[in-house]
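Chain by chain, the residues:
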Amino acid sequence: MEIAMDREALIAELQRLEKYGFYVIEEAYELAHHMDLTSLSDMPVSTAALVVSQKAIEIKFDRRSPALS
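Residues numbered from 1 in each chain as written. Predicted model: local features only at pLDDT ≥ 70, side-chain atom pairs only at ≥ 80, totals over all residues. Heavy atoms only, no water.

Okay, the side chain of Glu-13 next. Along the chain, the position of Glu-13 falls in helix H1 (residues 7-19). Among the polar contacts made by the side chain of Glu-13, one reaches the side chain of Arg-16 at a distance of 2.5 Å. Every residue in contact with Glu-13, bar those within four places of it in the chain, is listed here: Val-45, Ser-46 and Ala-49. (Helix = DSSP H or I, 4+ residues; strand = E, 2+ residues; numbered from the N terminus. Polar contact = N/O pair within 3.5 Å; in protein donor to acceptor, adjacent residues only side chain to side chain. Contact = heavy atoms within 4.5 Å.)

Here's what the structure looks like:
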């Protein structure tokens, strides 16, 4: 059984990214609050935060980022 990533650690990492100058949209925080985190359990929290942030952008704008395609 996979253990889900710690939600609070993920949200703290999104905040840390913002402190380092990354633009994190509000929807990334909402997604981090509500999504099933088991799919991110094998990732470092910093990578998971970037994945959640990118996924929130894709959902908001209904398209994939050309940089990650």
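Further notes follow.
Note that an α-helix has 3.6 residues per turn; residues three or four places apart therefore point the same way. Considered for burial, the residues of helix H2 (residues 26-34) that qualify are Ala-28, Tyr-29, Leu-31 and Ala-32. For H2, the arc enclosing every buried residue in end-on projection is 160°, short of the 170-degree limit, so these residues lie on one face. Away from the buried face of H2 by more than 90 degrees, exposed residues Glu-26 and His-34 are located. On its buried face, H2 is in contact with H1 and helix H3 (45-61). (Buried < 20%, exposed > 50% of the residue type's maximum accessible area, 1.4 Å probe, protein only. Arc of directions from axis to C-beta.)

Let us look at the packing of H2 against H3. One way to put it is that H2 packs onto H3 with a least axis distance of 8 Å and a crossing angle of 110°. Put simply, H2 runs roughly perpendicular to H3. In this structure, H2 crosses over H3, and the sense of that crossing is right-handed. Side by side, H2 and H3 meet where Glu-27, Ala-28, Leu-31 and Ala-32 of the first sit next to Val-52, Ser-53, Lys-55, Ala-56, Ile-59 and Lys-60 of the second. (Axes fitted to C-alpha atoms, helices over the stretch in contact; angles between N-to-C directions. Parallel < 35°, antiparallel > 145°, perpendicular 65-115°, else oblique. Left-handed = near helix turned anticlockwise from the far one by under 90°.)

With that out of the way, let us pick up the nonpolar core. Most often, soluble globular proteins have nonpolar side chains that are buried together. Ranked by size, the top nonpolar core spans 18 residues in total, and within it Leu-10, Leu-40 and Val-52 carry the most contacts. Broken down by secondary-structure element, the contributors of at least two residues to this core are H1, H2 and H3. Filtering out sequence-adjacent residues up to four positions away, Leu-40 remains in contact with Met-5, Leu-10, Met-35, Ala-48, Val-51 and Val-52. (Core = buried A, V, L, I, M, F, W, Y, C linked by side-chain atoms within 4.5 Å.)

This next bit is on H1. Under the 1.5 Å per step criterion, the end-to-end length of H1 is 19 Å for 13 residues, consistent within 8% with the ideal 18 Å. On its buried side, H1 packs onto H2 and H3. A positive phi of about 100° marks Gly-21, the residue just after H1. (Expected span 1.5 Å × (residues − 1).)

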